[in-house]
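What follows is the residue order along each chain.
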Amino acid sequence: MPSCGIKECKVEHWSHYCNVCDKGNSDHLPKDCPQGISIYHGTKVSNISSIIDNGLRPSTHGRIGSGIYFAGGDVVLDITKHRGDGNGLVVFKCRVNPNYCRTGVHPTWTGVTKAPFNEWCLTDSTKYALIGVLLVDGIVDGDINIPHGTIMVTGHCKFRGNITVGTLQVGGTEF
Ligand SMILES: [Zn+2]
Ligand SMILES: [Zn+2]
């Protein structure tokens, strides 16, 4: 049976491509890429399945240009709560190659963040991998398929589809 040598990987192949560092024959899963940094992106819970299937969508206008915006976990949680419609939210923890990011310091967002915060704008939307998702309230209609990832559930969540994850955690917001 061909094996790429990565313990967690069950795919029968000889080499494992890492899209984060672009190595054709890597010794790690993309979510563990040593060239990446772990940062967060949040949105409404209703977007979760389409993002897991199709990836995060770059925004066309943002403070530091077009791309996928990331920040630290606490900041993203505060911003996503503020932007939400009260029907639940999801925060994606991702491994991102910082070489493909513009970075900036966002000034304090009055009433939302306690201080200025770092933000990353990923300009090549293929250079990240999903580590896990944090779900806070809301209804998930579609399937969730992240076999190597973590899903953390907090508050009142309802699942109507099939869930395939590496790790399921209930409660807490630190991941
Ligand atoms: Zn593999
Ligand atoms: Zn890598």
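Residues numbered from 1 in each chain as written. Chains lettered and ligands numbered in written order. Predicted model: local features only at pLDDT ≥ 70, side-chain atom pairs only at ≥ 80, totals over all residues.

Q: Explain the overall build of the chain to me, please; I cannot follow it from the model alone.
A: A tally of helices and strands in the chain yields two helices and 10 strands. Reading the chain from its N terminus to its C terminus gives the helix and strand order β-β-β-α-β-α-β-β-β-β-β-β. Here the chain has a C-alpha radius of gyration of 16 Å; the compact-globule value for 175 residues is 16 Å, and the two agree. By its C-alpha atoms, the chain is 55 × 35 × 25 Å across when sized along the principal axes. Put simply, the chain has 175 residues, and 32% of those count as buried. A fraction of 55% describes how many contacts in the chain between residues 6 or more apart in sequence connect residues 24 or more apart. (Helix = DSSP H or I, 4+ residues; strand = E, 2+ residues; numbered from the N terminus. Rg over C-alpha atoms; globule rule 2.2 N^0.38 Å. Buried ≥ 20, exposed ≤ 12 C-beta atoms within 10 Å, placed from the backbone. Contact = placed C-beta atoms within 7 Å.)

Q: I would appreciate a short explanation of the domain arrangement of the chain in the present structure.
A: The figure often quoted for interface size is the accessible area lost as the parts come together. Along its sequence, the chain is organised into domain 1 (1–28) and domain 2 (36–170). Computed over C-alpha atoms only, the centres of domain 1 and domain 2 are separated by 25 Å. Of the residues that constitute the side of domain 1 that touches domain 2, the class distribution is two nonpolar, one polar and one charged. (Domains from an automatic or database assignment. Nonpolar A, V, L, I, M, F, W, Y, C, P; charged D, E, K, R; others polar.)

Q: Explain the nonpolar core here, please?
A: Here is a general trend for soluble globular proteins: nonpolar side chains tend to be buried in one another's company. One finds Phe 70, Val 90 and Cys 94 to be the most contacted residues of the largest nonpolar core, which totals 38 residues. It is strand β8 (residues 128–140) that contributes the most residues to this core, nine residues altogether. Excluding its chain neighbours within four sequence positions, the residues that come into contact with Phe 70 are Ile 39, Tyr 40, His 41, Cys 94, Val 96, Glu 119, Trp 120 and Leu 122. (Core = buried A, V, L, I, M, F, W, Y, C linked by C-beta atoms within 7 Å.)

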